[in-house]
Amino acid sequence: MATTYGARTALVVGTVVLVLPVAVLWRSPVSRLTAMPVTAPPSGDSALVCRDRPPPDAAGADPHP
């Protein structure tokens, strides 16, 4: 691009290309987020409910709770 249109034009176009995503994000709802959104676990997924307990075959775990 610099060969065809000149170095100054190439620098201006490059700057605009780099600033454009910043402007889009600034105007989007992402700029107003204060915390990460949390999704609900899928219904019927018992692995998420029982994640605090170690598996029965873990070392030192009581096989009869």
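Residues numbered from 1 in each chain as written. Predicted model: local features only at pLDDT ≥ 70, side-chain atom pairs only at ≥ 80, totals over all residues. Heavy atoms only, no water.

**As for the overall build of the protein chain**
At step 1: Scanning the protein chain from N- to C-terminus turns up 3 helices and 0 strands.
At step 2: Along the chain direction, N to C, the helices and strands of the protein chain fall in the order α-α-α.
At step 3: Taking all 65 residues of the protein chain together, the buried fraction comes to 2%.
At step 4: Element-wise, carbon and sulfur atoms account for 67% of the exposed surface of the protein chain, whose accessible area totals about 6400 Å². (Helix = DSSP H or I, 4+ residues; strand = E, 2+ residues; numbered from the N terminus. Buried < 20%, exposed > 50% of the residue type's maximum accessible area, 1.4 Å probe, protein only. Areas by Shrake-Rupley, 256 points an atom, 1.4 Å probe, with all protein chains shown as cover.)

**Quick look at the confidence of the model for the protein chain**
At step 1: Of all residues in the protein chain, 63% attain a pLDDT of 70 or more, and the chain-wide mean is 76.
At step 2: Confidence scores differ between elements of the protein chain, with helix H3 (residues 46-49) showing the lowest mean pLDDT of 52 and helix H2 (residues 7-27) the highest of 93. (pLDDT = per-residue confidence, 0-100.)

**A short note on a nonpolar patch on the surface**
At step 1: A cluster of nonpolar side chains, namely Met 1, Tyr 5, Val 13 and Val 17, defines an oily patch on the protein surface of about 420 Å² accessible area.
At step 2: Following the sequence through the fold, Met 1 ends up in the segment before helix H1 (2-5).
At step 3: Look at Met 1 and you get exposed, because its relative accessible area is 53%. (Patch = residues over 30% accessible without salt bridge, like charges linked within 9 Å, V, L, I, M, F, W, Y side chains within 5 Å. Salt bridge = Lys/Arg side-chain N within 4 Å of Asp/Glu carboxyl O.)

**Let's talk about H2**
At step 1: Compared with the 30 Å implied by 1.5 Å per residue over 21 residues, the 31 Å span of H2 between its first and last C-alpha is a close match.
At step 2: Its axis deflected by about 25° at Val 19, H2 carries its strongest bend there, up to four residues before the proline Pro 21. (Expected span 1.5 Å × (residues − 1). Bend = angle between axes of the 7 residues up to and from the residue.)

**What about the side chain of Ser 28?**
At step 1: Mapped onto the secondary structure, Ser 28 falls in the loop between H2 and H3.
At step 2: Ser 28 gets classed as buried once you look at its relative accessible area, which sits at 15%.
At step 3: Here the side chain of Ser 28 touches Leu 25 through a polar contact of 2.9 Å, landing on its backbone oxygen. (Polar contact = N/O pair within 3.5 Å; in protein donor to acceptor, adjacent residues only side chain to side chain.)

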